[in-house]
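Architecture and fold: a report
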Amino acid sequence: MSFKALSEKIDFELVKELSKLTPEQAAMKAARDKELHDIIEGKDDRILLVIGPCSAHDEEAVMEYVRRLAKLQEQVKDKVFMVPRIYTNKPRTTGDGYKGLLHKQDPTGKSNLIQGIAAVRSLHNRVITETGLTTADEMLYPENLDFVDDLVSYHAIGARSVEDQQHRFVASGIDHPAGMKNPTSGNLKVLFNSVYAAQQKQKFIHNGVEVQSSSNPLAHVVLRGGTNDYGENIPNYHYEDLVKVVKAYEGGDYKNPFIMIDTNHDNSGKKHMEQIRIVKETLFNRSWNDDIKKLARGFMIESYLVGGRQEDDGTVFGQSITDPCLGWEDTEELVKYIAENA
């Protein structure tokens, strides 16, 4: 067993010079980050939406989507705060398939991770500087956090990663919200263990150095449904599920209780139009139960310019090549509905 080096050792500081924010741009990002933190901490009661394509495979299509999202954000800014999904790393259950912009800048081309680092930083930078919105990405590879930690404002820890100690410990050192998804089994105990670990100071080896993390009081629950031993979907966004999660928060020592509901994946069975119904049901449940209303204040929504999905070699501009997404018209209508009924 061995590893073959395909590049020279990467200089993190040199990478940070690529697509670096100016002081003025960094200050603008910091102001939006403060709004986001206030929402997680319960100081701001707006609904948080982490919304956008399942995967950011086409830079120009993503930018067109985010420009539209920025205009929509202005219309609903009093009720809704949106963070666009710029997911550049995609987990693959078997290791096969499209793994995201980091691996392939052209979905049908060859893998080049060194060029991928530059492409990832460029896309996050463009969203911030050209639209004024700040971004979310999935922390699939904890050792790569230093490549983007100055640009990304919300970090998602996926269902396949949340049980991994390195993911939990690295999340504990992030200065921004870390959404911890329930594992694919749907096990709530595992989920809350991960949130607890991320909210503590941890000592571990990170990129070859012994470190102690600061703890992350903004780490929180993301409910994305699960799958049983028979391959059947087990949604966990219903009223009874939310009551269980509220009680789990109340029964432990957790900072800033916050529930984010992932409206796709195993909650929808990847039937993208179901996301609309799931949001509306959750808003009704919030109106029925004050404890749910207090904690369930976020949605992850998969959305793009064109609804549905296409294959990796597809030519439809602004349509997902991974999970199916809502189209723009449905997205716009849903966001306005949330603003009117939150």
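Residues numbered from 1 in each chain as written. Predicted model: local features only at pLDDT ≥ 70, side-chain atom pairs only at ≥ 80, totals over all residues. Heavy atoms only, no water.

A few points about the layout of surface pockets
Take a probe with the size of a water molecule and roll it over the atoms, and the empty space left behind shows itself. Within this model, the largest pocket holds a volume of roughly 710 Å³. If you list the elements that add at least two residues to the lining of the largest pocket, you get helix 4 (113-131) and helix 5 (145-148). When residues in the lining of the largest pocket are grouped by element, the largest group, three residues, is from helix 4. Within the lining of the largest pocket, the residues separate by chemical class into 11 nonpolar, five polar and six charged. Quantified by volume, the second largest pocket comes out at close to 400 Å³. Taken together, 24 residues line the second largest pocket, and the ones lying closest to its centre are Pro91, Arg92, Arg160, His265 and Lys270. Its residues placed into classes, the lining of the second largest pocket shows four nonpolar, eight polar and 12 charged. (1 Å grid on protein atoms, 1.4 Å probe; cavity = no way out; pocket = protein on both sides within 12 Å on 5 of 7 lines; lining within 4 Å. Points joined across faces, edges and corners; volume = space filled by probe spheres on them. Helix = DSSP H or I, 4+ residues; strand = E, 2+ residues; numbered from the N terminus. Nonpolar A, V, L, I, M, F, W, Y, C, P; charged D, E, K, R; others polar.)

Notes on the environment of His37
As for its placement among the helices and strands, His37 is situated in helix 2 (residues 23-40). Judged by relative accessible area, His37 falls into the buried class, the value being 16%. His37 has contacts with Asp175, His176, Pro177 and Leu218, leaving out every residue within four places of it along the chain. (Buried < 20%, exposed > 50% of the residue type's maximum accessible area, 1.4 Å probe, protein only. Contact = heavy atoms within 4.5 Å.)

Re the pattern of salt bridges
Within the structure shown, the criterion is met by 23 salt bridges. Of the charged contacts in the structure, one is a salt bridge between Lys16 and Asp149, with a shortest N-O distance of 2.8 Å. In this pair, Lys16 sits in helix 1 (residues 12-16) while Asp149 sits in the loop between helix 5 and strand 4 (152-157), placing the two residues 133 residues apart along the sequence. A salt bridge links Asp44 to Arg46; its shortest N-O distance comes to 2.8 Å. With relative accessibility at 10%, the residue Arg46 sits in the buried group. Overlapping salt bridges, with partners in common, bring together Glu59, Glu60, Glu64, Arg67, Arg68, Arg126 and Glu130 in one network. (Salt bridge = Lys/Arg side-chain N within 4 Å of Asp/Glu carboxyl O.)

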